[in-house]
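Working through the structure, step by step
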Amino acid sequence: MKKKSLADQIFVICNTIFMVAFVVITLYPVLNTLAVSFNDGIDTVRGGIHLIPRKFTLQNYYTVLHKQNMVTGAYITVLRTVVGTFLALAANALLAFVVSRKRFLFKSQLSLFWVITMYVNGGLIPTFLLYKNLHLTGTFWVYVIPGTVSAFNMLVLRTYMVGLPDSLEESAQLDGAGYMTIFVKIISPLCKPVYATVALFVAVGQWNSWFDAMLYNRMSDKYTTLQYELMKLLSSVMQQSGSADSARNSANSITPASIRAAATIATMLPIVCLYPFLQRYFVTGLTIGGVKE
Amino acid sequence: MSRGKKKAKQEITWKEIKRQKVLLIWAALFVIYGFIFYYLPLGGWIMAFQNYKPKTGLFHSKWIGLDKFKFLFSDATFIRVIRNTLAMGTINLVTSFIMAIVFAILLNEVKNVLGKKLVQTISYLPHFLSWIIVTGILHDALSSTGIVNELLQKFGFISSQINFFAHESYFWPIVAFSNLWKETGWNAIIYLAAITAIDPSLYEAASIDGAGRWAKIRYITLPGIKPTIMILLLMNVGNVLNAGFEVQYILGNGLVQKVSQTIDIYVLNWGISQNDYSLGTAAGIFKSAVSIVLILIANRIAKRSGEESLF
Amino acid sequence: MKSKKLTALLLTVAMTASMLAGCGGDNAGGGDNAGGGDNAGGGAETSNAPETEGGSDETASSGDDGNKDIIDFTMFIAMPGPEINDGNEIQEIIAQKTGVRVKETWLTGQTAAEAVGTIIAGGEYPDFIDGGDGQMALYDADALVAWDDYLDKYPKLKAMYSDEEWDRFRQADGKIYWANIFQNTYGESKATTHNDEAFWIQAKVLAWDNYPEIKTLDQYFDLLERYAEANPTMEDGTEIIPYTILCEDWRYFCIENAGQFLDGYPNDGSVIVNTDTMKIEDYNTSETTHRYFRKLNEEYNKGIVDHEFATQTYDEYIAKLSTGRVLGMCDQWWDFAYTVNDVFKQQGLDLKGCNYVPLGLTIDEGMDNMWHTYGDTQNTANGVAITTSCKDVDAAFQFLEDCLDQEIHDLRFWGVEGVDYMVDDDGLYYRTEEQRMQCANTEYKASHLCTYSYLPQYLGTSSDGKNAMQPPEQTSEFFAGLAQPLVDCFEAYGVTTYVEMIGSVNKETGPWFPMYSFSNNMTTETPGGVAWTKMGEVKHEWLPKVVMSESFDGAWSDYMTAYEGCKPEDFLSEMQTELDRRAGQAQ
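Since we're looking at a predicted model, the values are computed, not measured.

Let us now look at the overall build of chain B. Each helix and strand counted, chain B has 16 helices and 2 strands in total. A compact globule built from 311 residues would reach a C-alpha radius of gyration of about 19 Å, whereas chain B, at 25 Å, exceeds it by more than 25%. Across its three principal directions, the C-alpha atoms of chain B cover 75 × 70 × 30 Å. Expressed as a percentage of the 311 residues in chain B, the buried residues total 41%. Within chain B, residue pairs in contact and separated by at least 24 positions form 68% of the contacts whose partners lie at least 6 positions apart.

Here's what the structure looks like:
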């Protein structure tokens, strides 16, 4: 052990330097956005803001938080995040459980069926027509039902479940447990880290999505979401929709970068707090071997 | 794990079907769900063979056969955007993949719990910034008076300022870097989760045997997360044609458009902004076909070599 | 970690608190809307509760007391724009007076064509729509109500355009389905700003040379060179940039189309119309354009043109302009002035003569310029339309009519008398500094002002014969905002406004003007459209390359080879057909 200590020390130093550099590089854009968000909107136009606001103001946050429908939007966003995460986790875990059973007759076929869904897309209009015919448009459910099962999350879960020893299932079956019991009582408790990971993925996706709110609940504010409200506030900076004609007539409405920054910070704060919370499931080392046989 | 043995085990018999009735019912429900939400909209693919007009819709638009595909593949620009997309997709795949794994493993070696959590949380923050913000900062940093030029000049690497966005050769690396910058922390989450599943007793045992840090990484950590690595690698192989749209769109300019345009940008210019839905659909079908072929090949290779596979 | 969590927590609490406080504020502000719910969000819910996506809320079932007859219409505008709050004060006043309230929804994160395509697929339309680039698709889908049977019943609406002008809106079936509402002057024009393209120059540069006559491109760059040599830095030591060019994405018109103006032609956008021969000409290959780019190339190699021009983003361009470093550029007023002038004012740079004035340059001396066109530019490609989903078409037309009523028009653009503007003894409207500030405030705009900016409106003189229809055109408002160096500059040249400054000839444009309303709507369905898109791509790549090249002639001939490869003749011949059609229709 002692012999290694020098190499070990060098490693620790290098690694620390690497981590510090990494943190500096990834923190910079966030701090920059923070600085811009607290800077006067007109002043920001001049550029050159780095880490400290040049002309401090709370006006940008005031503008963002006073946007109408922020309360409805926040409520719907929280609701879709909670409901959507719960549904997605349950559904993906169950599907992953099915395809990770060694004895399951169609596991290859069922996996292929889902893998393909990752690479095909019917397009905007056919999808819209489908949801409309299913009477999902104009409802809350359009946010949580269509995307519930996703092949990506299912495969992540499956990979983890396959790694669990078969003996768990076999011994439970000997005790007369059905598949539901095995799923809920035996497998799921062991899957906490991966459940936390998938929950994080789904929750962040739900929190950040706005396109569906725009597309499927366009003319009504009832099911608006936080991000959609902010996108509306910021829409004039979306450059790809630009043309000389439209800009000419809406020139006064260009939203300054400071508002964009404030909106970004305001919406990311609640969701980034989720990760530190979920991290505790990550460090619960498991006592049962997870190495592939 | 020879295939023959497995096959024998999985023979479809009434007894076996009865045994796993519950699994089959669940599977059937998922198939129905998947069919409705993922496969049914693919009916829209017929648009690619029509001159689709909103007025006539999917059912009454004029049939034009393979005209849209012919248009695409006879256009030198489209061939070039395929090249760009493949190149950027591959570069992004390789770099982001390696970076995420390296970062996850190195972070796992940080023994300070607080520091580890802090780094972990900070590293995933840029994921929440929009591309427009990230590219804005990047553009700033790489401008002639930006920090990068300043540093390079200070340390004498270059004598005069470089305009990074004016040269075709810098464009792909810049896109790759911005992807790394924004997503490394986020991509690492999944590996960090996989690492926690490794039995701690393995490390203890290795320590007692006198294994060093590298040995433990090589013989315990890496094999432990190998299934996850394999699955993600396979999935991402199918995504090389989804090299992105926003980054290239915002960072590109006239001087570098020969290397900056991706399939998605092409579809915007030649399809969507021309009210031509059919062209975009045709390009989409092409992308899907390529993805599925790539996946089938990659999966076969993985299976042959006894690795984790998608299906 | 702990302190980080704490900070996060504190911030969250602070934000929630201010959010709640904000709602209280809104409620107090919307006092006249007593029954309308507890807060803005809640109000929206109650009034929209029974409605489904895209449907029109015909029933006047909002909880508002005493105004049972108000019809709520919806409108989708396929352009990005600012949303106003429910219960907006002026919106309510207009609703009381006209019996109609319109809820506007703007384009968000999509292209116009895509948004319109989805709406058509869904088959349910808002009551009013402006489809932007997707307008034709709406017509094709039979989604719009023809105006022909209604127009005569609404005299004010009909008076917006002359019969000849209305005819230009007619579609293939001979009917009118929409009216463009911009650039329509009532009475005498009050235009003071030149809203369009020009070569701009900082007032201080002109002052430095004792206000010389600058008529040609060569004189312009000569002045920039001399000034830059004498004043290489600003007062604070920042290096100046004599000339920059924006060529990001669709904004590359700043580099692309100066050739047509330098030749003395108006902004037809994509082509020149030779009025002698009635033939379409391509300005991209003209001798003047060739000379223009040769000049730019020469100045680039002299270091006068910004070396980063080709790669700058719009934000960077605006940032450069805002610091006052840039002496001149070619651009359209609306593309830079609103933002840049605000910053100048805040930084006191306007007092140092950093504001830009337009110059009506031509390639040679003694030519007339047409940078400014005096008449209205009628863009027939899109405008406000009423859809077939609208259940009360008469009420919808009545509202369009009411929009042009002077009282409503004043409410929309000036606001409430005594609150948003004052009236002096002569009956002239003016705004105090405080009112000006207030009307520029984002939240005030959302909660109080309601311009219905995509519904019928006028520029020019109000029906009282004195005031301007819209505040920016009010002479007193214009002079109140003019910094001293600009006043000096105008005085030196013996002019009073930007329009006079550019000194364009007042020559009427033909009935075909502007041709860009046709080329903008071209699609790849026709060979001309394909050529047009390809030409755009080639120009995007080559124009900056030509300017930056070390040997101009070689680069120019490479560019021309690439350009010819796009088959511009296909495009030009389709433009010619359209020109003939428009000219023939006018006769």
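Another aspect to go through is the overall build of chain C. Scanning chain C from N- to C-terminus turns up 26 helices and 15 strands. Of all 587 residues assigned to chain C, the portion counted as buried reaches 50%. Considering only contacts within chain C whose residues lie at least 6 apart along the sequence, 76% involve residues at least 24 apart.

Before going further, it helps to examine the interface of chain C and chain B. Taken together, the contacts link 27 residues of chain C with 25 residues of chain B. Of all the secondary structure elements, the ones that give two or more residues to the side of chain C that touches chain B are α4 (112–122), α5 (135–140), α14 (314–322) and α24 (527–548) of chain C. Class assignment for the residues of the side of chain C that touches chain B results in 9 nonpolar, 9 polar and 9 charged.

All names here are of chain B. Of all residues in chain B, 97% have pLDDT values of 70 or greater, and the mean over the chain is 89. Within chain B, the lowest mean pLDDT, 44, falls on helix α1 (residues 3–9), and the highest, 95, falls on helix α3 (residues 21–39). Contacts from residues 1–8, a stretch scored under 50 in pLDDT, to residues over four places away or in other chains number 2 contacts.

Residue and element names in this part refer to chain B. Taken domain by domain, chain B holds domain 1 (14–65) and domain 2 (66–304). For domain 1 and domain 2, the distance between their C-alpha centroids amounts to 31 Å. In this complex, domain 1 contributes 9 residues to the contact, which on the side of domain 2 involves 8 residues. For the side of domain 1 that touches domain 2, a count of residues per class yields 5 nonpolar, 4 polar and no charged.

Our focus in this paragraph is the sheet that holds strand β1 (residues 71–77) of chain C. Residue and element names in this part refer to chain C. Strand order in this open sheet of 5 strands is β2-β1-β3-β12-β4, and the pairing throughout is mixed. Looking along the sheet, the strands with just one partner apiece sit at the ends: β2 (100–106) and β4 (178–179). As defined by bridge partners, β1 adjoins strand β3 (residues 128–130) across 3 bridges and the pair is classed as parallel. Looking across to β3, one finds that Ile77 is bridged to Asp130.

Glancing now at the sheet that holds strand β11 (residues 356–359) of chain C. All names here are of chain C. Reading across from one edge, β7-β10-β6-β11 is the order of the 4 strands in this open sheet, with mixed pairing throughout. Lying at the two open borders of the sheet, with one neighbouring strand each, are β7 (241–244) and β11. Within the sheet, the average angular offset between the axes of one strand and its neighbour, ignoring direction, is 25 degrees. Here β7 pairs with strand β10 (residues 326–332) via 3 bridges, running parallel. Among the inter-strand pairings, Thr244 is bridged to a residue of β10, identified as Met329. Lying on the sheet, helix α10 (residues 217–230) is in contact with β6 (197–202), β7, β10 and β11; it crosses β10 at an angle near 150 degrees.

A word on the interface of chain B and chain A. Contact residues are listed per partner, giving 72 residues for chain B and 75 residues for chain A. When contributions to the side of chain B that touches chain A are tallied by element, the ones reaching two or more residues are α3, α7 (113–123), α8 (131–142), α10 (168–196), α12 (213–237) and α16 (277–304) of chain B. For the side of chain B that touches chain A, the leading source of residues is α3(B), giving 10 residues. Considering only residue class, the side of chain B that touches chain A consists of 47 nonpolar, 19 polar and 6 charged.

As far as domains go, chain C holds domain 1 (31–182 + 379–460) and domain 2 (197–371 + 482–586). Facing 6 residues of domain 1 of chain C, the contacting portion of domain 2 of chain C comprises 5 residues.

Residues and elements named next belong to chain C. Predicted confidence across chain C gives a mean pLDDT of 86, with 88% of residues reaching 70 or more. Between residues 1–66, whose pLDDT stays under 50, and residues either more than four places distant or in other chains, the model counts 113 contacts. Confidence estimates for the predicted assembly give a pTM of 0.86 and an ipTM of 0.89.

Residues and elements named next belong to chain C. By the secondary structure assignment, Val419 is in the loop between α17 (406–413) and β13 (422–423). Taking the number of C-beta atoms within 10 Å as the measure of exposure, Val419 has 12 and is therefore exposed. Residues Val419 and Ala198, 221 residues apart in the sequence, show an inter-C-alpha distance of 37 Å.

Time to look at the environment of Asp350(C). All names here are of chain C. By the secondary structure assignment, Asp350 is in the loop between α15 (333–347) and β11. Along the sequence, Asp350 and Asn520 sit 170 residues apart, while their C-alpha atoms lie 36 Å from each other. Setting aside chain neighbours within four positions, we find Asp350 in contact with Phe344, Lys345, Asn355 and Ala483.

Attention now moves to the pairing of β1(C). All names here are of chain C. A large share of β1 lies buried, amounting to 7 of its 7 residues. Residues Ile71, Phe73, Met75 and Ile77 line one face of β1 and the alternating positions Asp72, Thr74 and Phe76 line the opposite face, and both faces are buried. When β1 meets β2, the two strands line up parallel, connected through 7 bridges. Bridge pairing links Met75 to Glu104 in β2.

A word on the nonpolar core. Residues Tyr191(B) and Leu138(C) are the most contacted members of the largest nonpolar core, which totals 283 residues. Per element, the largest residue contribution to this core is 15 residues, and it comes from α10(B). Among residues more than four places away in sequence, those in contact with Tyr191(B) are Ala100(B), Ile101(B), Ala104(B), Ile225(B) and Thr228(B).

Reading the values: rules and limits
- Residues numbered from 1 in each chain as written.
- Chains lettered and ligands numbered in written order.
- Predicted model: local features only at pLDDT ≥ 70, side-chain atom pairs only at ≥ 80, totals over all residues.
- Helix = DSSP H or I, 4+ residues; strand = E, 2+ residues; numbered from the N terminus.
- Rg over C-alpha atoms; globule rule 2.2 N^0.38 Å.
- Buried ≥ 20, exposed ≤ 12 C-beta atoms within 10 Å, placed from the backbone.
- Contact = placed C-beta atoms within 7 Å.
- Nonpolar A, V, L, I, M, F, W, Y, C, P; charged D, E, K, R; others polar.
- pLDDT = per-residue confidence, 0-100.
- Domains from an automatic or database assignment.
- Pairing = 2+ DSSP bridges.
- Axes fitted to C-alpha atoms, helices over the stretch in contact; angles between N-to-C directions.
- Core = buried A, V, L, I, M, F, W, Y, C linked by C-beta atoms within 7 Å.

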